[in-house]
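Summary of structural features
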Amino acid sequence: MTETTRRDEIAAGLAKVEAEIAEACRAAGRTRRELTLIAVSKTYPASDVRLLAELGVTDVGENRDQEASAKARECADLGLVWHFIGQLQTNKVRSVIGYADVVHSVDRPRLVAALSQEALRVGREITCLVQVALDGDPARGGVPPQDVPALAEAVAGSGGIRLGGVMAVAPLGEEPSRAFARLREIAQVVRDAHPGADAISAGMSGDMSQAIANGATHLRVGTALLGRRKPFVR
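All of the points below concern the structure found in this document. (Residues numbered from 1 in each chain as written. Predicted model: local features only at pLDDT ≥ 70, side-chain atom pairs only at ≥ 80, totals over all residues. Heavy atoms only, no water.)

**Some remarks on the overall build of the chain**
Filter applied, for reference: Strands are runs of DSSP state E lasting at least two residues, helices are runs of H or I lasting at least four, and both sets are numbered from the N terminus onward. The quantity called the radius of gyration is restricted to C-alpha atoms. Its globule counterpart is 2.2 Å times the number of residues to the power 0.38. For every residue, the accessible area obtained with a 1.4 Å probe (protein chains only) is divided by the maximum for its type, and the residue is called buried under 20%, exposed over 50%, and partly exposed between those limits. We call two residues contacting when some pair of their heavy atoms lies within 4.5 Å. The method behind every accessible area is Shrake-Rupley, applied with a 1.4 Å probe, and residues are considered shielded solely by the protein chains displayed. The charged-residue count follows a simple rule in which Lys and Arg add positive charge and Asp and Glu add negative charge, with His and chain termini not counted at all. A single reference atom marks each charge: NZ on Lys, CZ on Arg, CG on Asp, CD on Glu.
If you tally the helices and strands in the chain, you get nine helices and eight strands. Taken over C-alpha atoms, the radius of gyration comes to 17 Å for the chain, in line with the 17 Å a tight globule of 234 residues would show. When the backbone C-alpha atoms are referred to their principal axes, the chain occupies close to 50 × 40 × 30 Å. When burial is assessed residue by residue, the chain has 50% of its 234 residues classed as buried. Taking the intrachain contacts of the chain between residues at least 6 apart in sequence as the baseline, contacts between residues at least 24 apart amount to 59%. When the accessible surface of the chain is totalled, it reaches about 10800 Å², and 51% of it is carbon and sulfur. Taking the average place of the 29 positive charges on the side chains of the chain and the average place of its 29 negative ones, the gap between the two points comes to 3 Å.

Below, the structure is given as C-alpha cells:
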C-alpha cells in the first residue's frame, strides 16, 4: 500500500469516527470540545502515527511499553500527548514515565508509589487515571468500585503525579450503556472529593456513542481509525 493510499484510508476512518462522535454529542447535548479522541496505535507502525498527526490527531494511546517506547522515540518531533492504556507492571514504570503524559491503568497502591517515585526522580508530572474493574474481575485490570476512593486519594496525595479521573472498559457481555452509567456514578464520587479529577476515559470503537451519552471525556479508538489489527512486526 502506498503512503498516499494509507493516508486516504486513515483519513476516511477519522472522518467516520468524527461523524459518529458529532452525532453522539448532539444526542447527548454535549459539544465536541468536551471530548479527547485518543488514537490507539497498538500493532500499527510509527508511520501511521505520523499520518494521524498530519490529519490533526494530537493524542495517541498504547498498551505495551516495548512498542510504545519505540514509537514515542520515533515520533518525538510531533509534540503528541502519549497515553499508556494497558496494564502496567511496576518494572516498566521507569520506561513509561519517560514518554507517557497520561497513565490510564492505575489500579493498586504499589503502582501509585512507583509512578510517583519515578516521576519525582526525573522531574515530570504525569496524569493518572484510576482504572475501575466494572466486571469485578481484577485479573483484567482495575480496582473494584468500592476501593476507588481510597486509591484516588493515594494518587492525589503523591508527588510527581496528579489525579485526572477514572478509566474503565465495558465488561464483556454487558450492555455498555449500563456499565458506563455505573462508571459515571463512580467518577462523580471521585470528582466530589477531588474537583479537578474530571476525566472519564471510556468508550472504544464499538461503544463510543454509549460512552459519550454517559459523560466520557476521553475515547480510546483504534480499529475504527486504523482498521483491523495485524500482528506487530518489529
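**Some remarks on the nonpolar core**
Put simply, the rule reads: The set of buried Ala, Val, Leu, Ile, Met, Phe, Trp, Tyr and Cys residues whose side-chain atoms join them within 4.5 Å is what this entry labels a nonpolar core.
By size, the foremost hydrophobic cluster in this structure holds 67 residues, and its most contacted members are Ile21, Val103, Leu115 and Leu219. Not counting the four nearest positions on each side in its chain, Ile21 is found in contact with Arg32, Leu35, Leu37, Met208, Ile212 and Leu219.

**Let's talk about the pattern of salt bridges**
Going by this rule: The salt bridge criterion pairs a side-chain nitrogen of Lys or Arg with a carboxyl oxygen of Asp or Glu, the two atoms within 4 Å.
For the structure on display, the rule yields 15 salt bridges. The closest approach of N and O atoms between Arg64 and Glu67, which form a salt bridge, is 3.5 Å. Residue classification places Arg64 among the partly exposed residues on the basis of a relative accessible area of 40%. By relative accessible area, Glu67 is classed as buried at 3%. For Glu118, the salt bridge is made with Arg121, and the minimal N-O distance between the two is 2.8 Å. Residue Glu118 and its partner Arg121 are both found in helix α5 (residues 109–122); the two are separated by three residues, about one turn of the helix.

**A word on the side chain of Ser116**
For Ser116, the location among the structural elements is in helix α5. Using a relative accessible area of 9% as the deciding quantity, one classes Ser116 as buried. The contact partners of Ser116, leaving out residues within four places of it in the chain, are Ser158, Gly159 and Ile161.

**Digging into the pairing of strand β6 (residues 161–167)**
To keep it simple, the criterion reads: By the convention used here, strands pair only if DSSP detects at least 2 bridges between them. A clockwise path from the first strand over the helix to the second, with the strands pointing away from the viewer, defines a right-handed crossover.
Here β6 lies mainly inside the structure; six of its seven residues are buried. As paired strands, strand β5 (residues 126–131) and β6 are joined by six bridges and run parallel to one another. Looking at the pairing, Leu129 lines up with Gly165 of β6. The sheet contact formed by β6 and strand β7 (residues 199–201) spans three bridges and is parallel. In the sheet register, Gly165 faces β7, and the bridge partner there is Ala199. Regarding topology, helix α7 (residues 176–193) serves as the crossover connection from β6 to the parallel β7, and that connection is right-handed.

**A few points about unusual backbone geometry**
Positive phi, close to 75°, is recorded for Thr43, a residue that is not glycine. With respect to the element layout, Thr43 can be found in the loop between β1 (36–40) and α2 (46–54).

**A word on the environment of Leu226**
If you trace the backbone, Leu226 turns up in helix α9 (residues 223–226). A C-alpha to C-alpha distance of 6.7 Å links Leu226 and Gly13, two positions 213 residues apart in sequence. In this structure Leu226 touches Arg6, Ile10, Val40, Ser41, Tyr44, Asp48 and Leu52, once residues within four positions along its chain are discounted.

**So, the side chain of Glu174**
We count it as follows: Polar contacts here mean pairs of N or O atoms no more than 3.5 Å apart (in protein, one a potential hydrogen donor and the other a potential acceptor; neighbouring residues in sequence count only if both atoms are side-chain atoms).
Structurally, Glu174 can be placed in the loop between β6 and α7. Within polar-contact distance, the side chain of Glu174 engages the side chain of Arg182 at 2.5 Å. Apart from residues no more than four positions distant in its own chain, Glu174 is found in contact with Ala179 and Arg182.

**Side note on α5**
An α-helical segment advances 3.6 residues per turn. Residues three or four places apart therefore align on the same side. What counts, and what does not: Helix span, as expected, comes to 1.5 Å for every residue beyond the first.
The end-to-end C-alpha distance of α5, which contains 14 residues, comes to 20 Å, matching closely the 20 Å that a straight helix rising 1.5 Å per residue would cover. Among the residues of α5, those classed as buried are Leu111, Val112, Ala114, Leu115, Ser116, Glu118 and Ala119. For α5, the elements touching its buried residues are α4 (93–97), β4 (102–106), β5, α6 (148–156) and β6. Once α5 finishes, Gly123 follows within two positions and takes phi at roughly 75°, a positive value.

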